[in-house]
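Examination of the molecular architecture
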Amino acid sequence: GGAESVIVRISNEMILRDNSVTIIVDRSTGVMLSLIDPNIKIIPLSTTSVLRKILVISRLLRTQKFKRFYTTLNKPNLLGFLSSCIAGKRKKHYARIAAVHSMSLKHTKSYKRKLLLSLLALTYRWFGNIVSVSEEVSRDLIKEYNVPENKINKIYNPIKPVTDSTPANQT
């Protein structure tokens, strides 16, 4: 799906820059994971316990050398934040935020999603770093969640260029 394709794209771009990327995934199945560069280390979290996942990730963060630890999407961002806090690596954690959460929180009817978004809302200001995909998401984080602006890196989602199908020489 869409989340897997984002992970594949980001991971393959990161391997070009760093030469060493580790991805921690909930499920190591999926067609998209076969498209990941073979130099990328994938660590599947097969256990279903959230606490066990946090302990496994925090142990990896303590024992492996790395410059940055990226997470994307709500649940991985929260798990990454808690794991990086336990490991003492919070300042190396970069959480990608792709939605205006104050709107999502107001409009969701799912109890589990509301709980997850509420926990994220309580912790955003303590995240080490946040990667925001738009100006609107950045403003929401600053205004609604008191995130210091200097913790937010804006990257903006790529936009497909609009091309004119008419050849330039024709009138």
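As a reminder, the structure under discussion sits directly above these lines.
Residues numbered from 1 in each chain as written. Predicted model: local features only at pLDDT ≥ 70, side-chain atom pairs only at ≥ 80, totals over all residues. Heavy atoms only, no water.

1. Quick word on the nonpolar core
Cut-off, in case you're wondering: Buried Ala, Val, Leu, Ile, Met, Phe, Trp, Tyr and Cys residues that are joined via side-chain atoms within 4.5 Å together make up what is termed a nonpolar core. For each residue, the accessible area found with a 1.4 Å probe, counting protein chains only, is set against the maximum for its type, and the residue is called buried under 20%, exposed over 50%, and partly exposed in between. Only runs of H or I of at least four residues qualify as helices and only runs of E of at least two qualify as strands under DSSP, and these elements are numbered from the N terminus. Residue contacts follow a heavy-atom distance rule, with two residues in contact if any of their heavy atoms lie within 4.5 Å.
Counting residues in each nonpolar core, the largest one holds 16 residues, and the members touching the most others are I97, Y124, F127, I130, L141 and V147. Only α3 (74-87), β4 (93-97), α5 (111-123) and α6 (135-145) provide two or more residues apiece to this core. Residues in contact with L141, not counting those within four places in the same chain, are I97, Y124, I130, N146, V147 and I152. In terms of nonpolar packing, the next biggest core, distinct from the first, is built from six residues, L45, L61, F69 and A87 among them.

2. Structural notes on α3
The test is simple: Expected span of a helix, by definition, is 1.5 Å for each gap between consecutive residues, and there is one gap fewer than residues.
End to end, α3 covers 20 Å across 14 residues, agreeing with the expected 20 Å (1.5 Å per residue, within 8%). Looking only at α3, the buried set comprises N74, N77, L78, L79, G80, F81, S83, S84 and A87. Trailing α3 by a residue or two, G88 shows a phi angle of about 75°, which is positive.

3. A few points about the side chain of N129
Spelled out, the test is: Any pair of N or O atoms that falls within 3.5 Å is considered a polar contact. Within protein, one atom must be able to donate a hydrogen and the other to accept it, and sequence-neighbouring residues count only if both atoms are side-chain atoms.
Here N129 lies in strand β5 (residues 129-132). Assessed through its relative accessible area of 13%, N129 is described here as buried. At 3.1 Å, the side chain of N129 and the backbone oxygen of H93 are in polar contact. If we skip the residues at most four places from it in the chain, N129 touches K91, K92, H93, Y94, A95, K151 and N153.

Functional significance is not addressed by these values, which are geometric in nature.
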